[in-house]
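Below are the chains, spelled out letter by letter.
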Amino acid sequence: YQNDFVTGSLGFPQAQQLEPALAQKIREYRTRGDEILFTLDTHDATYPDTQEGKNLPIMHTIRDSWGWQLAGAAASLCAPGDVCLEKPCFGAAGLFDYLRNRQYASVELAGVVSYLCVLSNVVIVKTALPETPVIIDARCVAGPDNTLHEKALDVMQGLQVQVKNR
């Protein structure tokens with residue numbers, strides 16, 4: 001949930017509407033003492049030369065820029081000690097390494113874009129923790145294309161993800 005995906009170069013109205021539900025979710029997890037991880041789409045000046053940059057030629061989430069920073073309440077709710085994983089593509093490869101030797105009762109993912117980054121990270125979590133239930137609260141994910149967003153939720157359900165509040 002970074003500025004460029006909310007009000008910046010790739011911003012979209014549905015992302016802005018997620019903020020209250022995302023903030024509430026982070027606060028709930030924080031109150032319970034649960035671990036919270038953030039993934040940060042992270043690019044640099046070479047972005048136009050990447051595969052993604054050639055297919056999506058819009059500069060965004062350039063490391064240390066305003067657009068790269070967490071948006072809205074998520075920014076103030078990211079606490080010292082929270083794991084922040086940078087990712088140069090849709091999925092956070094470091095997420096697999098971080099999760100694979102840990103045990104959780106469940107893992108919940110939230111954020112944008114549902115049919116790109118969220119879906120990619122769902123696959124990573126399911127691979128790293130095949131016996132751990134994975135949850136998506138539909139109030140906490142969005143994408144600029146509503147048709148693709150709904151299809152992504154369908155695919156996640158097909159991957160045995162518990163999609164709530166749909």
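The coordinates are above.
Residues numbered from 1 in each chain as written. Predicted model: local features only at pLDDT ≥ 70, side-chain atom pairs only at ≥ 80, totals over all residues. Heavy atoms only, no water.

Peer 1: Where do I start with helix H6 (residues 114-128) in this structure?
Peer 2: Structurally, the α-helix is built with 3.6 residues per turn, so residues lying three or four positions apart point the same way. For H6, built from 15 residues, the straight-helix expectation of 21 Å at 1.5 Å per residue is met to within 8% by its first-to-last C-alpha distance of 20 Å. In terms of burial, H6 is a largely internal element, 11 of the 15 residues being buried. Buried within H6 are the following residues: Ser 114, Tyr 115, Cys 117, Val 118, Leu 119, Asn 121, Val 122, Ile 124, Val 125, Lys 126 and Ala 128. Buried residues along H6 sit against strand E1 (37-41), strand E2 (83-87), helix H5 (93-99), strand E3 (107-112), strand E4 (134-142) and helix H7 (146-158). (Helix = DSSP H or I, 4+ residues; strand = E, 2+ residues; numbered from the N terminus. Expected span 1.5 Å × (residues − 1). Buried < 20%, exposed > 50% of the residue type's maximum accessible area, 1.4 Å probe, protein only. Contact = heavy atoms within 4.5 Å.)

Peer 1: I would appreciate a short explanation of the sheet that holds E3 in the present structure.
Peer 2: Hydrogen bonding along the main chain pairs the strands of a sheet, whether they run parallel or antiparallel. Here three strands make up an open sheet; going across it, the order is E3-E4-E5 and the pairing parallel. Looking along the sheet, the strands with just one partner apiece sit at the ends: E3 and strand E5 (162-164). The mean angle between the axes of side-by-side strands here comes to 30 degrees, regardless of whether they run parallel or antiparallel. Taken together, the five bridges between E3 and E4 define a ladder with parallel strand orientation. Paired with Val 107 across the bridge in E4 is Val 134. (Pairing = 2+ DSSP bridges. Axes fitted to C-alpha atoms, helices over the stretch in contact; angles between N-to-C directions.)

Peer 1: I would appreciate a short explanation of the side chain of Thr 132 in the present structure.
Peer 2: Secondary-structure assignment places Thr 132 in the loop between H6 and E4. In this structure, Thr 132 is in contact with Tyr 104, Ala 105, Ser 106 and Val 107, ignoring residues within four places of it in sequence.

Peer 1: Can you help me understand the packing of aromatic side chains in this one?
Peer 2: Given two aromatic rings, their pairing is described by the distance between the two centres and the angle made by the two planes. Enumeration over the complete set of coordinates arrives at zero aromatic pairs. Above the ring of Tyr 29, the side-chain terminus of Arg 32 is found at 4.4 Å from the ring centroid. Taking the ring centre of Tyr 98 as reference, the NZ or CZ of Arg 102 above it sits at 3.9 Å. (Phe/Tyr/Trp six-rings, centres within 6.5 Å; stacked < 30°, edge-to-face > 60°. Lys NZ or Arg CZ within 6 Å of the ring centre and 35° of its normal.)

Peer 1: Just to check I follow, could you spell out the pattern of salt bridges for this structure?
Peer 2: Between side chains of opposite charge, a pair can form as their charged atoms come close. Per the counting criterion, the structure on display carries nine salt bridges. Taken together, the salt bridges that share partners define one network made up of Lys 25, Glu 108, Asp 137 and Arg 139. (Salt bridge = Lys/Arg side-chain N within 4 Å of Asp/Glu carboxyl O.)

Peer 1: Explain the nonpolar core to me, please; I cannot follow it from the model alone.
Peer 2: A general tendency of soluble globular proteins is for nonpolar side chains to be buried together. In terms of nonpolar packing, the biggest core is built from 50 residues, with Val 112, Ile 136 and Met 156 touching the most fellow members. Not counting residues within four places of it along the chain, the set of residues in contact with Ile 136 comprises Leu 109, Val 118, Val 122, Val 141, Leu 153, Met 156, Val 161, Gln 162, Val 163 and Lys 164. (Core = buried A, V, L, I, M, F, W, Y, C linked by side-chain atoms within 4.5 Å.)

Peer 1: How should I be thinking about unusual backbone geometry in this particular structure?
Peer 2: With glycine set apart, most residues show a phi of negative sign, and most peptide bonds adopt trans. Looking along the chain, the bond that leaves Val 112 and enters Val 113 is cis, with omega of -10 degrees. Phi at Thr 61 takes a positive value of approximately 40 degrees, unusual for a residue other than glycine. Secondary-structure assignment places Thr 61 in the loop between helix H3 (51-55) and helix H4 (72-77). For Thr 61, a relative accessible area of 0% translates into the label buried. Phi at Gln 160 takes a positive value of approximately 70 degrees, unusual for a residue other than glycine. Take Gln 160: it is sitting in the loop between H7 and E5.

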